[in-house]
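As a plain string of letters, each chain reads:
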Amino acid sequence: MRDSSEWESTSYRTHTIGQVVTGGKNLIGSEVTISGYAESIRGRGAICFLMLRDGTGKIQAFLKRDNMDQENFDMIQSTSRESTICVTGVVAEKRPPKVAEGDPLPNPEFEISVTNATILAVADAPLPVGVTDEVNVGLDVRLDNRHLDLRRGHVNAMFLLRSKVLEYGRIHLISEGFQEINSPKIIAAAAEGGTNLFPMKYFDTDAFLSQSPQLYKQLAVLGGLERVFEIGPAFRAEKHDTYRHLNEFISFDIEGAWMDDEDVMGVQERMINYIWTKISENDMNLIDEINKFRISQQKEPVTIEIPSIPFPRVPYCEAIEIVKDGGGDIEWGDDIESHHCDIIAEKFPGFHFIPRWPMSMKPFYIHHKGDEKSESGGQLSRGFDLNYGRDEMTSGGQREHRVDILEDNLINMGLEPKDFTFYTDGFRYGAPPHSGWGLGVARLLMILTGAGNVREVVLFPRDRSRVTP
Ligand code: AMO
């Protein structure tokens, strides 16, 4: 539920339900108008108890046939759950429940003694997804009916938390001098390899949906914007069907001039530390709401432990040794897959960076220093990942700012330099060394909410089988 103490009145309410519930003492005897969803409608004959819920709280409205328009009373008494209703009435203190002698008195609760009420919209019955009942419907049915699923307390709390994560992330980056940008999502060249692009027709030419703001955030920095960030959609035509991949996801990106990989790892860990700190200070009510549901499902509650910084650095070469020692089948030059990450996570269960990947495994824009080689002689790069348990949260790195090497990289990776002149031209007139990263927002939310699937924390997920709602 949201804190609405500062909200102004609107045409449909003088007060939010949250304002009445928390400020009820000062409102006793006053007339208020509130609007909400009918969570339950009880009572027969001449009286009716209506539990109303808005996004800020729940309150009981007490309706008496003799006190109001009788036709309206009858309609409300026979209406369906989740219908929306506007009521006007007087705030009263609810009679407190009996307490045993010596026990503390509960906080006073308030109700509305209704003088006027109207139905704003009638809900169909039955509901395809229960809002307050514990109905066991699968994720697919919930996502098909996301508009109702979102009304459930813990789902609502997850999306509030998501908004908080973005807010705190923004605040932190702005405090470190980053400015927000918006890069185009209709593009002509691939940043992250050409195989997973969604093609589209752009008037008479071919274009694609952007896989990442990568090349544009770099151009912004080359242009002198120094430190930029963007929170925006990225599209990947990947045929993955896993708990952590979507075909459209929100990428939280930064890019900064005069910074190397280590510098931007610092930005990342400070930002994550700040997000966790702020959540533990301000938003434990949301975590409690999520845990109430988790406990009802016999799931472990989530805990918010502020990750201490710096996060461990487990360089790629060391990570490979850890996996091998743990019995994993891996060789230098292989990708570190989830089952390998499980082995690393036994030693490093929280956030940990994996820096210095082989250059051959990183995109063309990643920087390498010629003399940084593995024991077997393989070229190392300034690319890194941030992992948590078995999941990758972030990729990033220092970027190649020397245009001749950048063009060699393109050729070595089978790409056409002429397709990238809009990008490489940006490096021809003086280019600062720069670095950045891209963080998958939904993956971070999986940690905070305990969700086992990114779809839980994405409003309307897009995967191979879902383009609606
Ligand atoms: P990368 O491709 O690793 O790097 O993506 C960055 C982060 O985005 C998230 N992510 C995804 N989340 C959900 N579904 C997907 N299909 C998906 N793909 C990626 C992950 C990942 O770590 N340009 C670089 C970033 C950079 O170097 O600045 C990039 O896009 O959490």
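Below you will find a few notes about this structure. Please read all numbers here as calculations on a predicted model, not as lab measurements.

Parameters and conventions
- Residues numbered from 1 in each chain as written.
- Predicted model: local features only at pLDDT ≥ 70, side-chain atom pairs only at ≥ 80, totals over all residues.
- Heavy atoms only, no water.
- Near = heavy atom within 4 Å.
- Polar contact = N/O pair within 3.5 Å; in protein donor to acceptor, adjacent residues only side chain to side chain.
- Areas by Shrake-Rupley, 256 points an atom, 1.4 Å probe, with all protein chains shown as cover.
- Helix = DSSP H or I, 4+ residues; strand = E, 2+ residues; numbered from the N terminus.
- Core = buried A, V, L, I, M, F, W, Y, C linked by side-chain atoms within 4.5 Å.
- Buried < 20%, exposed > 50% of the residue type's maximum accessible area, 1.4 Å probe, protein only.
- Disulfide = S-S within 2.5 Å.
- Pairing = 2+ DSSP bridges.
- Contact = heavy atoms within 4.5 Å.
- Axes fitted to C-alpha atoms, helices over the stretch in contact; angles between N-to-C directions.

### Re the site of the ligand
Taken together, 22 residues lie near the ligand, and Glu-192, Gln-214, Glu-392, Ser-395 and Arg-399 sit nearest. One nitrogen or oxygen atom from the side chain of Tyr-365 is found 3.1 Å from a nitrogen atom belonging to the ligand. Residue Gly-438 places a main-chain N or O atom 3.3 Å away from an oxygen atom belonging to the ligand. Notes on the ligand: free accessible area 630 Å², of which the protein chains cover 93%. When contributions to the shell around the ligand are tallied by element, the ones reaching two or more residues are helix H6 (214-225), strand S11 (248-257), strand S14 (391-398) and strand S15 (434-440).

### Digging into the nonpolar core
One finds Phe-252, Trp-276, Ile-279, Phe-351, Trp-437 and Leu-444 to be the most contacted residues of the largest nonpolar core, which totals 49 residues. It is helix H5 (residues 153-175) that contributes the most residues to this core, ten residues altogether.

### Comments concerning the state of the cysteines
Applying the stated rule across the entire model yields zero disulfides. Just so you know, Cys-48 is unpaired, no disulfide at all, and the nearest cysteine sulfur is the one on Cys-86, 15 Å from it. Overall, Cys-48 belongs to the buried group, its relative accessible area being 1%.

### Let's talk about the sheet that holds S15
Read across the open sheet, the seven strands follow the order S6-S10-S11-S15-S14-S13-S12; overall the sheet is mixed. Each edge of the open sheet carries a strand with a single partner, namely strand S6 (179-180) and strand S12 (351-354). H6 rests against S6, strand S10 (227-235), S11 and S15 of the sheet, and its axis sits at about 25 degrees to S11.

### Let's talk about the pairing of strand S13 (residues 383-388)
With respect to burial, S13 is a largely interior element, five of its six residues being buried. By the bridge criterion, four bridges tie S12 to S13 in an arrangement that is antiparallel. The residue of S13 that forms the bridge with Phe-351 is Tyr-388. One ladder, built from six bridges, connects S13 with S14; its direction is antiparallel.

Spatial relationships are all this shows, so hold off on functional conclusions.
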